[in-house]
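Each chain, letter by letter, is given below.
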Amino acid sequence: MNGDEFMIKLKSEMQRTIVNNLRGGEGSLTREDIFTPEEALEKTNMIAVLTIPDGSSIGEHIHGPEAEMYYILSGTLRVTDNGITKDLVPGDAVFTGGGTAHSVVNMSGKEASMLAIIIK
């Protein structure tokens, strides 16, 4: 792709990966890449839907020069960012970066999902 093109990508074309113990977290989750960094013209490091089963988590981690945005799609996720913990539901969002630590855990009793975008 060059900067003059756009891309339409069907769900059936998106790669799904099972990720275990993401960033030192518990359990496994499913990562469905919407666009790869190359498809997003290298503007992002990740654009994906993360589906997190009950009891699974993304361990605490820091993004140095990057920033990350979460948008909750389904279920309830407990997000800790910069020492503040909130239970987030569909429609809630987080923007984090600048070296602050954050983590995500699903303790809701059912599966939850979020759109995650890591921006360069």
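The shown structure was predicted, so the numbers you read here are calculated from the model rather than taken from an experiment.

Scanning the protein chain for helices and strands turns up zero helices and 10 strands. For the protein chain, the N- to C-terminal ordering of α and β elements is β-β-β-β-β-β-β-β-β-β. What you see for the protein chain is a C-alpha radius of gyration of 14 Å, in line with the 14 Å of a compact globule of 120 residues. If you line up the protein chain on its principal axes, its C-alpha atoms span 45 × 30 × 25 Å. Across the 120 residues that make up the protein chain, the buried fraction comes to 40%. For the protein chain, the share of sequence-separated contacts (at least 6 apart) that also reach a separation of at least 24 residues comes to 62%. Accessible surface for the protein chain amounts to roughly 6,700 Å². Of this, 53% is attributable to carbon and sulfur atoms. If the 10 positive side-chain charges of the protein chain are averaged to one point and the 17 negative ones to another, these points end up 3 Å apart.

Non-glycine residue Leu 41 carries a positive phi angle of around 55°. Looking at where Leu 41 falls in the secondary structure, it is placed in the loop between strand E2 (28-35) and strand E3 (44-52). Exposure remark for Leu 41: the relative accessible area of 35% places this residue in the partly exposed category. The backbone of Glu 42 shows a phi angle near 60°, a positive value even though the residue is not glycine. The residue Glu 42 is located in the loop between E2 and E3 in this model. Among the residues examined, Glu 42 registers a relative accessible area of 40% and is labelled partly exposed.

Strand order in the open sheet formed by four strands is E4-E9-E6-E7, with antiparallel pairing between adjacent strands. Lying at the two open borders of the sheet, with one neighbouring strand each, are strand E4 (57-62) and strand E7 (84-88). Along the sheet, successive strands turn relative to each other by an average axial angle of 10°, direction set aside. Bridge analysis of E4 against strand E9 (residues 101-105) gives four bridges, and the strand direction is antiparallel. From the neighbouring strand, Ile 58 faces E9, where its bridge partner is Val 104.

What counts and what doesn't
- Starting from 1, residues in each chain are numbered consecutively following that chain's sequence as written.
- Owing to the predicted nature of the model, reporting of local features is limited to residues with pLDDT of at least 70; listing and counting of side-chain atom pairs is limited to 80 or more, with chain, interface and lining totals taken over all residues.
- Side-chain numbers come from the whole structure's heavy atoms, not from hydrogens or water.
- For the purposes of this entry, the term helix denotes a DSSP run of H or I that reaches at least four residues, the term strand denotes a run of E that reaches at least two, and both are numbered from the N terminus.
- Computation of the radius of gyration draws on C-alpha atoms, with the globule rule given as 2.2 Å multiplied by the number of residues to the power 0.38.
- Relative accessible area decides the class of each residue, using a 1.4 Å probe on protein chains only: under 20% of the type maximum gives buried, over 50% gives exposed, and in between gives partly exposed.
- The criterion used for residue contact is that any of the two residues' heavy atoms lie within 4.5 Å.
- For the accessible areas, the method is Shrake-Rupley and the probe is 1.4 Å, while residue cover comes only from the protein chains on display.
- Counting rule for charge: Lys and Arg are taken as positive, Asp and Glu as negative, and neither His nor the chain ends is counted.
- Just so you know, the charge point we use is NZ for Lys, CZ for Arg, CG for Asp and CD for Glu.
- The pairing criterion is simple: DSSP has to find at least two bridges between the two strands.
- Note on method: axes are straight lines fitted to C-alpha atoms, helices fitted across the in-contact stretch only, with angles between N-to-C directions ranging 0 to 180 degrees.

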